[in-house]
Amino acid sequence: MTNSKELFALAQEIIPGGVNSPVRACKSVKTDPLFIAKADGAYVYTEDGQKYIDYVMSWGPMLLGHNHPAVNKALHEAVDKGTSYGAPCKAEIDLARAIVDALPGVEMVRMVNSGTEATMSALRLARGYTGRNKVVKFHGCYHGHADAFLASAGSGVATLSIPGTPGVPEETVKHTLLAEYNNLDEVKELFARYGEDIAAVFVEPVAGNMGVVLPEEGFLQGLRQITSEYGALLVFDEVITGFRVSFNGAQGLYGVIPDLTCLGKIIGGGLPVGAYGGKKEIMSRIAPCGDVYQAGTLSGNPLAMAAGLATINTLKSMDYELLAQKTKELALGLKDILSEKGVPVQVNLTASMFTLFFTSEPVKDFTSAQKSDQELFIKFYNQMREQGIYLAPSGFECAFNSFAHTEEDLEKTLDAANRIKF
Ligand SMILES: *Cc1c(COP(=O)(O)O)cnc(C)c1O
């Protein structure tokens, strides 16, 4: 039998790092990746013949669980009709309608193929619409891997950006301004200084890419107010939160309506999809009805549309509150167990997502998130994995619960945590 170890060796010869997205390589948890042979419900099955309870859930899309019958049925029906047309099809309207109906800030929506494409296109549109160049983003928020968003604070220059990776020219990120999450004062300072040239503020309305960090009371409302005052657009990156924190996204949950919304993950039901949408007046600036260019050979792909629509239609009647309740029990249960072992631990959670931070101080931004002890996380991650619990291999990710996880799965997870030695 070919196992994960052998496959990883083969992969590394012809795929950079053996993976097609870096975190999967498990470097930060000092181990090798497991190769997945199949997934079903709440479980992934590896090439080593082992079954794991999955809390990665493809990094978010699989809120219904893997291999969901309704999504599968829709896909099978679609596949028999051909896999791509490069021309309009009815399924595009159906998914667009489902999104527009669910998200209060979205009157019109354009489909793309990934979350990265959605945020990159939304930024271009925001710049085209406002005629301005600068964009505000927050430390620790991830908006895909487009150049303009790959910036972190440079030493010395507190708010002006330096590129976060080689290959991104300084010129490309010089328009990216950074602020700390939950810090309205920093945003106000940026606007006081550059307000006339700021096209948009991009924010994860609930942050999920530094681990789960919730917006403090008034933060999103404050962003709404400042952006409106200066004529800048407020862009919610709901690639994770859309259809997860509530069926109506974070905008529905918090009652703050952004000008533009970026989507991905869940709306593709496991197929490669992204979308950006918003007010009609703004979206009408996109080609061909407007002058801001954006295109895609496979955009609106009929298989992706079918999987997304089946997912959203099924989610409509699911009990989000019950799932939130179960997730809370699991997350708080884990916290109690680890605390009893004398480990400092914080838990941030909302709906079906949570993160355990190994620190004794509350986590409300990237600075406090980074205080989480990664040595403790590595011990936690590896011992959970040895016991059949599959978590994201980074201390700055969320764990995703799903509608497929059973009470028994959650109990097994707690039992595994009980057996960990630090
Ligand atoms: C995953 C993610 C993206 C990027 O989506 P891809 O499909 O990986 O390109 C953008 N924004 C947020 C908030 C994400 O979590």
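Residues numbered from 1 in each chain as written. Predicted model: local features only at pLDDT ≥ 70, side-chain atom pairs only at ≥ 80, totals over all residues. Heavy atoms only, no water.

A. Expanded view of the layout of surface pockets. One number sums up the size of the second largest pocket: a volume of about 580 Å³. Contributions of two or more residues to the lining of the second largest pocket are made by α3 (90-102) and β4 (108-112). No other element matches α3, which puts five residues into the lining of the second largest pocket. In the lining of the second largest pocket, the residues fall into 14 nonpolar, six polar and four charged. (1 Å grid on protein atoms, 1.4 Å probe; cavity = no way out; pocket = protein on both sides within 12 Å on 5 of 7 lines; lining within 4 Å. Points joined across faces, edges and corners; volume = space filled by probe spheres on them. Helix = DSSP H or I, 4+ residues; strand = E, 2+ residues; numbered from the N terminus. Nonpolar A, V, L, I, M, F, W, Y, C, P; charged D, E, K, R; others polar.)

B. Broad picture of the site of the ligand. Every residue near the ligand is listed here: S114, G115, T116, Y142, H143, G144, E204, N209, D237, V239, I240 and K265. One of the side-chain nitrogen or oxygen atoms of T116 is found 2.6 Å away from an oxygen atom of the ligand. Interatomic distance of 3.3 Å between a backbone N/O atom of Y142 and a nitrogen atom of the ligand. In isolation the ligand exposes 380 Å². Once the protein is present, 84% of that is buried. Classifying every residue of the shell around the ligand by side-chain character gives three nonpolar, six polar and three charged. (Near = heavy atom within 4 Å. Polar contact = N/O pair within 3.5 Å; in protein donor to acceptor, adjacent residues only side chain to side chain. Areas by Shrake-Rupley, 256 points an atom, 1.4 Å probe, with all protein chains shown as cover.)

C. Here's a closer look at the sheet that holds strand β14 (residues 353-357). Judged by pairing direction, the sheet is antiparallel, and its three strands sit side by side in the order β13-β14-β16 without closing on themselves. Each having just a single partner strand, β13 (346-350) and β16 (399-400) make up the two edges of the open sheet. Contacts between helix α11 (residues 320-340) and the sheet are confined to β13 and β14, with β14 contributing the most and set at about 10° to the helix. (Pairing = 2+ DSSP bridges. Contact = heavy atoms within 4.5 Å. Axes fitted to C-alpha atoms, helices over the stretch in contact; angles between N-to-C directions.)

D. Representation of the sheet that holds strand β2 (residues 43-46). Strand order in the open sheet made by the four strands is β1-β2-β3-β15, with mixed pairing throughout. Each having just a single partner strand, β1 (36-40) and β15 (389-390) make up the two edges of the open sheet. In terms of strand pairing, strand β3 (residues 51-54) meets β15 through two bridges, oriented parallel. Counterpart to D54 in the pairing with β15 is Y390.

E. Main features of the domain arrangement of the chain. Domain boundaries in the chain define domain 1 (4-64 + 319-418) and domain 2 (69-315). Once you take the C-alpha centre of each, domain 1 and domain 2 turn out to be 25 Å apart. Between domain 1 and domain 2, the contact holds 28 residues from the first and 29 residues from the second. Here domain 1 packs against domain 2, burying approximately 2,200 Å² in sum over the two surfaces, 65% of which is carbon and sulfur. (Domains from an automatic or database assignment. Buried area = accessible area lost by both parts, 1.4 Å probe.)

F. Representation of the state of the cysteines in the model. Enumeration over the complete set of coordinates arrives at zero disulfides. The thiol of C289 is not disulfide-bonded; the next cysteine sulfur, from C262, is found 18 Å away. (Disulfide = S-S within 2.5 Å.)

G. Representation of the side chain of R224 within the structure. Along the chain, R224 falls in helix α7 (residues 219-230). Under the relative-accessibility criterion, R224 is labelled buried at 17%. Within polar-contact distance, the side chain of R224 engages the backbone oxygen of I257 at 2.8 Å. Looking at R224, its side chain comes within polar contact range of the side chain of D259, at 2.8 Å. Excluding residues that lie within four positions of it along the chain, R224 makes contacts with A232, L234, V256, I257, P258, D259 and K279. (Buried < 20%, exposed > 50% of the residue type's maximum accessible area, 1.4 Å probe, protein only.)

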